[in-house]
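# Structural description and commentary
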Amino acid sequence: KADAGAREGNVKAIGEQHGNLDLKLEKHPKHGGKGGGTNPEELMAAGYSACFNGALRLCAEKNGIKIGDSAVTSEVSLGVESDEVTGGVPL
């Protein structure tokens, strides 16, 4: 659940099977925010990384492939970052 504040507001997980996620959102300083809080890009990167790594590990297990520790790093940007990079999810 996110309130009407969108990029500056609050986000909270709701429902029986959800944890205690309850965060204040702040715009990233590069987008005119004051920083000091979580921004939507950070949440997107964390969720995408966790889901992708989980899917990777599940596929390996289902196919009998033993893998060690794994980690996925993602960077999320919204808008234009440079002449070469627009918004997206680089892995």
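Everything quoted here is computed from the prediction, not taken from an experiment.

## Here we look at the packing of aromatic side chains
Counting across every chain of the model gives 1 aromatic pair. Here the aromatic rings of Tyr48 and Phe52 are separated by 6.3 Å at their centres, their planes lie at 15 degrees, and the arrangement is stacked. Of the two residues, Tyr48 and Phe52 are both situated in helix H1 (residues 40-62); the distance of 4 residues between them amounts to about one turn of the helix. With relative accessibility at 32%, the residue Tyr48 sits in the partly exposed group. On the basis of relative accessibility, which here comes to 38%, the residue Phe52 falls in the partly exposed class.

Parameters at a glance
- Residues numbered from 1 in each chain as written.
- Predicted model: local features only at pLDDT ≥ 70, side-chain atom pairs only at ≥ 80, totals over all residues.
- Heavy atoms only, no water.
- Phe/Tyr/Trp six-rings, centres within 6.5 Å; stacked < 30°, edge-to-face > 60°.
- Helix = DSSP H or I, 4+ residues; strand = E, 2+ residues; numbered from the N terminus.
- Buried < 20%, exposed > 50% of the residue type's maximum accessible area, 1.4 Å probe, protein only.

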